Amino acid sequence: MKPAIVDKIDLEAKNALHQPFYEGKQAVGWATTLSLAFQSIGVIYGDIGTSPLYVFMGIFPDSDNPPSREDVYGALSLIIWSLTIIPLLKYVFIVLRADDNGEGGSFALYSLISRNCDIPICGTRQGDNVTLTSYGTAEIPHTPMDSNLIQRNPLVQRMLLVLVLFGTSLVMSDGLLTPAVSVLSAVEGITVPAPQLARYVIPATCAIMVVLFAGQKLGTGKVAVVFAPVIGLWLMVLFVVGMMNVAQYPGIMKACSPLYAVQYFLRNGKNGISSLGGVILSVTGVEAMFADLGHFSRRSIQLSFIFMHRPSGINLTPTSRTSSLILAYCGQGARLILDPTLIKSPFFLTIPGTIYWPVLVLATVATIIASQAMISATFSLISQSMALGCFPTVRVVHTSRSVRGQVYIPVVNWILLAAVILVVVVFRNSTNLTPAYGLCVAMVMFITTIFVAIVMRYVWRWNLLVPIMFSCTFGLVDAVFAIVTLRKVDSGGWFPLMVAVGICGMQLVWKWGTDLKYKSELGSKIKLEDLLLDITPPGMPIINNPSDILVSKEVKYDDLHTETALRYRNFRPQILQLRDTNRIVSRLPGLALFYNNDRDVPKTFAHFLYHYPAVQDVVVFVTVRVVAQPYVDEEDRVRVTPIREFDGFYRCVAWYGYMETVEQGPQFVDRVTGVIDQITPRVGANRAKEAVTTYLLGKEMLFAKNGSGWLRTLMLESFYAFLENNAATAGWLVPRNETIVVGMNVAV
């Protein structure tokens, strides 16, 4: 997520706000933490909690060749230790600490590194002109170290950018497979007792997807409240069924020893290593857990995961101290030892017949919920990508007043739905999808390890030995999983990899074009005093009659130009001239609102004046700021300051909470003109507003300068132009009939 910062124009207006929105993500009490922990069960643990449906089938895909007793022990040992090392030790206790103002995911890590190593974000180096307002949980205030490899080497900076974009693209790509694999694997359960229903699996899965994605507009919080009890019930069922199955062969609990995993590799060699592609399915969802951090909080996720990993302290049997997930896998392993032919569907074939149909229904609902983790993660990552200028602008809807990270992105939601349905229709069943599943997760886990190691060194300032040990320990595990899953490319892994490369390429093109535009703006910043010249004769009389709206008066300028000055009201008329062309700027009746992002004059305004040297009597440069609180009081809505050198010119900062719609209609105009009349009553802003109010929005279109190569021209004028033309506008509500868009071509 883009770090909460305050630039110079913000500092001018900061005192105007009474509410402490500059506090970043506020500390929450235990009641809120427990509530978020409960909600997180429904969103985060659906994916990892439904993995028992298909993990053993992924490890032993050849159902015609059942696994041996020793191989079941070895595979189960790999599952248990993967669940312990990756989700618990790595993510819950270490990675979740690397949040950026409460946000998680690869972009949060990249933002932390960039800010603390003084490398550019969004085309600009965050230097002395910004003040950080909040820090990540484990972050310290920004005190850059002496020049390091990242700061000195632009190539390393570009590599980090490509790596983070590729990592987030992998997570988004995995979001296409998670709903398809999870729901398909559950719905296929109806074919075990009733094979004649197989033709209904695909239509039922697609219908479920439509319902799931249609409910996203309710927001993560509302959805999670409904989902949490269901996932809680699902985990209880896994626990109970697992105990029942383990009771038939208690010796299976010996698989908790890592010795069986080592023996498994020694016995099976390359085939044993290849089966890690199925083992990784047991930890899918861990990266979504980190990416969903902004929807909840670090402490709430830690509490819920530790509780779910060790759900009970009731010491009824040795197995009752084991987590629901591990017990579910152990139960399947116990039944596979007794009857290896159950490998065709080890989950459904090990459910007692008396509760089969209720469990099938619950499994289907749980897999629907499992998709929520990846959907929420995709929304969060795209929101963070936009904040860093790496993703085309799309409309983002905030769905919670208390948790800013809970967002819903309508266009992405419906694109995901269409893509997921396409995947279901093309791949047809979960067996075809399983080889492709897990590839993206393994690769992004390795990327996360790299970034967390950098954060340990350059953000947390830990001794170099710590990140080295972290990388050698967890990086080795991640690297093995990544290398093994790359072997899945020719058996379906090409699909998520192709999607990830496409998303990454789109983000790189957008980032490149956005940086070019920013650098162009930075190199041609214009001050109003550099654009206009006040040539008002010293003897120009003051018109004191407010009703004297239209006055015709001949004014002579240095014996060179004659201009008719109209409508000088009850203040000294100021005659303005363009410095570059010496053309007189006519003053027209009315109020003009010209939108810009900083305190300098937009290039589009200068472009407009160059071709049409006329401005309204009252010109307001409006900067919109969205702050880290849900709502802003109306009394704090605007801060207006006059530009002292020129009569009738003002700067305005308009504040909005992230839950508010940026509405710039009559009510906003009345507030702005009311403030202007208070600070400079002689200008008559309200009278100007009644004449005509015009909204001017600038739009810059990039094109390749002369001499550019064909590739640069193609990327800029075709790909980037396509993305820019289809990107959403800011989403501000302004009267369309009173809006003028000032466009200009910029050669870069």
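Before going into details, it helps to say that this report is about the structure given with it. It should be emphasised that the depicted structure is a prediction, and the values quoted were computed from it without experimental measurement.

## Some thoughts on the overall build of the chain
When helices and strands are tallied, the chain shows 26 helices and 14 strands. Considering the chain as a whole, with its 748 residues, one finds that 57% of them fall into the buried category. Pairs at least 24 residues apart make up 81% of the contacts formed inside the chain by residues separated by at least 6 positions. Total accessible area on the chain is roughly 31200 Å²; 61% of this is exposed by carbon and sulfur atoms.

## Topic: unusual backbone geometry
Phi at Arg461 is positive, roughly 65°, even though this residue is not glycine. You can see Arg461 is positioned in the loop between α19 (439-458) and α20 (465-486). Given a relative accessible area of 24%, Arg461 falls into the partly exposed group. In this model, Asn582 sits at a positive phi of 65°, which is unusual for a non-glycine residue. Mapped onto the elements of the fold, Asn582 is located in the loop between β8 (576-578) and β9 (584-595). The exposure class of Asn582 is partly exposed, given its relative accessible area of 41%.

## Comments concerning the side chain of Thr680
On the secondary structure map, Thr680 appears in the loop between α24 (666-679) and α25 (685-691). For Thr680, a relative accessible area of 16% puts it in the buried group. Among the polar contacts made by the side chain of Thr680, one reaches the side chain of Tyr650 at a distance of 2.5 Å.

## Brief notes about helix α7 (residues 154-187)
Between the first and last C-alpha of α7 there are 50 Å, a value that for 34 residues agrees with the 50 Å anticipated at 1.5 Å per step. Extensive coverage of α7 is indicated by the burial of 28 of its 34 residues.

## What about the state of the cysteines?
Within this structure, the stated rule accounts for zero disulfides. Not part of a disulfide, Cys256 finds its nearest cysteine sulfur in Cys330, a span of 5.2 Å.

## Details of the pairing of strand β12 (residues 649-657)
Counting buried positions along β12 yields nine of nine residues, so the element is predominantly enclosed. Side-chain alternation along β12 places Phe649, Arg651, Val653, Trp655 and Gly657 on one buried face and Tyr650, Cys652, Ala654 and Tyr656 on a second face that is also buried. Across nine bridges, strand β10 (residues 614-627) lies against β12 in parallel orientation. Opposite Val624, over in β12, you have Ala654 as the bridge partner. Note that strand β11 (residues 638-642) and β12 share five bridges and pair antiparallel. Looking at β12, one finds that Thr641 is bridged to Arg651. Linkage of β11 to β12, two consecutive antiparallel strands, is achieved through a turn of six residues, within which Gly648 is found at a positive phi near 85°.

## Points about the packing of aromatic side chains
For the structure on display, the rule yields 17 aromatic pairs. For the ring pair Tyr264 and Phe265, a centre distance of 6.0 Å and an interplane angle of 65° mean the geometry is edge-to-face. The partly exposed category is assigned to Phe265, whose relative accessible area is 27%. Put simply, the rings of Trp234, Phe347, Phe348, Tyr356 and Trp357 pair up and form one aromatic cluster. The aromatic ring of Trp460 is capped on one face by Arg97, whose charged end is 5.5 Å from the ring centroid.

## Looking at the packing of α19 against α20
Their axes nearest at 8 Å, the elements α19 and α20 cross at an angle of 165°. By the angle between their axes, α19 is roughly antiparallel relative to α20. Considering only the axes of α19 and α20, their crossing is left-handed. When α19 is examined against α20, the residues Leu439, Ala442, Met443, Met445, Phe446, Thr449, Val452, Ala453, Met456 and Arg457 are found in contact with a partner set consisting of Val466, Pro467, Phe470, Ser471, Phe474, Gly475, Asp478, Ala479, Phe481, Ala482, Thr485 and Leu486. Here the residues of the contact of α19 with α20 sort into 16 nonpolar, four polar and two charged.

## Regarding the layout of surface pockets
Space inside the second largest pocket adds up to approximately 1000 Å³. In terms of residue class, the lining of the second largest pocket is made up of 16 nonpolar, 19 polar and six charged.

## Observations regarding the pattern of salt bridges
Pairs may arise between side chains of opposite charge once their charged atoms sit close together. A complete count under the given rule lists nine salt bridges for this structure. Asp71 serves as the salt-bridge partner of Arg267, at 3.2 Å between the closest nitrogen and oxygen. Here the residue Arg267 occupies a position in helix α10 (residues 259-268), and Asp71 occupies one in helix α4 (residues 69-92), the gap between them amounting to 196 residues. We note a salt bridge from Asp515 to Lys511, for which the minimum N-O separation is 3.7 Å. Here Asp515 pairs with Lys511, and both are found in helix α21 (residues 494-523), just four residues apart, close to one helical turn. For the residue pair Asp515 and Lys511, the accessibility class agrees, reading buried in each case. One salt-bridge network, in which partners are shared between bridges, spans Glu634, Arg637 and Arg671.

## Digging into the nonpolar core
In terms of nonpolar packing, the biggest core is built from 164 residues, with Phe56, Ile150, Leu170, Trp234 and Ile252 touching the most fellow members. Looking at which element gives the most residues to this core, the answer is α7, with 17 residues. Those residues in contact with Phe56, other than ones at most four positions away along the chain, are Ala75, Leu76, Ile79, Tyr329, Gln332, Gly333, Leu336, Ile343 and Pro346. In this structure, Val618, Val624, Ile676 and Val734 belong to the second largest nonpolar core, which totals 23 residues.

## A closer look at helix α5 (residues 106-116)
The element α5 is extensively covered by neighbouring structure, given that 11 of its 11 residues are classed as buried. All of the buried residues along α5 are Ser106, Phe107, Ala108, Leu109, Tyr110, Ser111, Leu112, Ile113, Ser114, Arg115 and Asn116. Immediately beyond the C-terminal end of α5, within one or two residues, lies Asp118, with a positive phi of roughly 55°.

Criteria and thresholds
Residues numbered from 1 in each chain as written. Predicted model: local features only at pLDDT ≥ 70, side-chain atom pairs only at ≥ 80, totals over all residues. Heavy atoms only, no water. Helix = DSSP H or I, 4+ residues; strand = E, 2+ residues; numbered from the N terminus. Buried < 20%, exposed > 50% of the residue type's maximum accessible area, 1.4 Å probe, protein only. Contact = heavy atoms within 4.5 Å. Areas by Shrake-Rupley, 256 points an atom, 1.4 Å probe, with all protein chains shown as cover. Polar contact = N/O pair within 3.5 Å; in protein donor to acceptor, adjacent residues only side chain to side chain. Expected span 1.5 Å × (residues − 1). Disulfide = S-S within 2.5 Å. Pairing = 2+ DSSP bridges. Phe/Tyr/Trp six-rings, centres within 6.5 Å; stacked < 30°, edge-to-face > 60°. Lys NZ or Arg CZ within 6 Å of the ring centre and 35° of its normal. Axes fitted to C-alpha atoms, helices over the stretch in contact; angles between N-to-C directions. Parallel < 35°, antiparallel > 145°, perpendicular 65-115°, else oblique. Left-handed = near helix turned anticlockwise from the far one by under 90°. Nonpolar A, V, L, I, M, F, W, Y, C, P; charged D, E, K, R; others polar. 1 Å grid on protein atoms, 1.4 Å probe; cavity = no way out; pocket = protein on both sides within 12 Å on 5 of 7 lines; lining within 4 Å. Points joined across faces, edges and corners; volume = space filled by probe spheres on them. Salt bridge = Lys/Arg side-chain N within 4 Å of Asp/Glu carboxyl O. Core = buried A, V, L, I, M, F, W, Y, C linked by side-chain atoms within 4.5 Å.

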